[in-house]
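# Descriptive analysis of the structure
Listed below, chain by chain, are the residues.
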Amino acid sequence: MLRLPVTPSPRLRTALAALPLALYTVLHLAEQWAVFDGRSAWVARMHRTSRGPVALAVELVVILAPLALTAFWTVLDVLARRPLPGAARPDDTGVVRVLGRLAPFGTVTALVFLAVHVGTLWGPKVFASATELQTWRTLQVGLASPAMLVFHAVGLTAVAVHLAASLPAASVSLGWVRSDEGRRSAWLVASVFALCVWVLAAQLVGWIGTGTGTFWPITVSER
């Protein structure tokens, strides 16, 4: 019987908290951006995703399993009052300290948001054989409500905070960054990356839910 490690190594813990979600975010945004070529292009792109045993196995091993382990270890850390990856250190100052203090809240909120998001959209497609057009309709109807727009605004912000904090923590733990200057630089790079993710994702959600972009208007083919 497979036994999940209750106290994983710090390197594994921080790597799984950061890298799979960063990969998933980039791939998911690239996939969903097909919506701006029109509904037909989006449907065709979605038809190539999560179809067949190989695609599902890759998503399970590379994305879903690490996220599930991260959620499991996060619950244990919260119950044991242990610091989460990316949390502020005593010697942190300035923006790094602020983001580090927000990181635990961002991680927990991001995991809840992702569980709801994946469960309501990806789950029915895989387990209930929902078609791409049904998924598209679910997106449009769901994101059109003010409550869901607020939910996604909070959730996407939490994901951005989590990425900004967890990626530098993983870089330090894996030995990619060894100095304080390097750690601050990693925080800067991760924060810019997280901000870009937040803007692009919020723009996408705003267009699907309201027909216009959140930050700038977009003319999109409806074919």
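Quick summary incoming for the structure in this document. Computed from a prediction, not measured in an experiment: that's the story for all the values here.

Conventions used here
Residues numbered from 1 in each chain as written. Predicted model: local features only at pLDDT ≥ 70, side-chain atom pairs only at ≥ 80, totals over all residues. Heavy atoms only, no water. Salt bridge = Lys/Arg side-chain N within 4 Å of Asp/Glu carboxyl O. Buried < 20%, exposed > 50% of the residue type's maximum accessible area, 1.4 Å probe, protein only. Axes fitted to C-alpha atoms, helices over the stretch in contact; angles between N-to-C directions. Helix = DSSP H or I, 4+ residues; strand = E, 2+ residues; numbered from the N terminus. Parallel < 35°, antiparallel > 145°, perpendicular 65-115°, else oblique. Contact = heavy atoms within 4.5 Å. Nonpolar A, V, L, I, M, F, W, Y, C, P; charged D, E, K, R; others polar. Patch = residues over 30% accessible without salt bridge, like charges linked within 9 Å, V, L, I, M, F, W, Y side chains within 5 Å. Areas by Shrake-Rupley, 256 points an atom, 1.4 Å probe, with all protein chains shown as cover. Expected span 1.5 Å × (residues − 1). Bend = angle between axes of the 7 residues up to and from the residue. Core = buried A, V, L, I, M, F, W, Y, C linked by side-chain atoms within 4.5 Å.

## Comments concerning the pattern of salt bridges
All chains considered together, the criterion is met by 4 salt bridges. Between Asp-77 and Arg-82 there is a salt bridge, and its shortest N-O distance comes to 2.9 Å. Since its relative accessible area comes to 8%, Asp-77 is described here as buried. Each of Arg-13, Asp-77 and Arg-82 takes part in one network of salt bridges that share partners.

## With respect to the packing of helix H5 (residues 132-143) against helix H7 (residues 180-210)
Each packed pair of helices is defined by two parameters, the angle between the axes and the distance between the axes. The interhelical angle for the contact between H5 and H7, taken along N-to-C directions, is 90°, at an axis separation of 7 Å. Accordingly, the angle class assigned to the pair H5 and H7 is roughly perpendicular. Each of Trp-136, Leu-139, Gln-140 and Leu-143 in H5 lies in contact with H7, whose residues at this interface are Val-205, Trp-207, Ile-208 and Gly-209. Of the residues in the contact of H5 with H7, the class split is 6 nonpolar, 2 polar and no charged.

## What about a nonpolar patch on the surface?
Taken together, the side chains of Leu-23, Leu-27, Val-54, Val-58, Leu-60, Val-61 and Val-62 present a nonpolar region at the surface, about 630 Å² in accessible area. With 5 residues, the top contributor of residues to the nonpolar patch is helix H3 (residues 53-80). Mapping Leu-23 onto the fold places it in helix H1 (residues 10-32). A residue is classified by how much of its surface remains accessible, and Leu-23, at 39% relative accessible area, is partly exposed.

## Things to note about H1
Here H1 spans 33 Å end to end across 23 residues, near enough to the 33 Å set by a 1.5 Å rise per residue. The axis of H1 is deflected most strongly, by about 30°, at Leu-16, and proline Pro-20 appears within four residues downstream.

## Comments concerning the nonpolar core
Grouped together as the largest cluster of nonpolar side chains are 36 residues, with contacts concentrated most on Leu-21, Val-35, Trp-42, Leu-163 and Ile-208. Counting residues per element, the ones that place at least two in this core are H1, helix H2 (39-47), H3, helix H4 (94-127), H5, helix H6 (146-173) and H7. Those residues within four positions of Leu-21 in sequence are excluded, and the remaining contacts are Leu-67, Leu-114, Val-159, His-162 and Leu-163. Listed in part, the 5 residues of the second largest apolar core include Val-96, Leu-99, Ala-165 and Trp-187.

Spatial relationships are all this shows, so hold off on functional conclusions.
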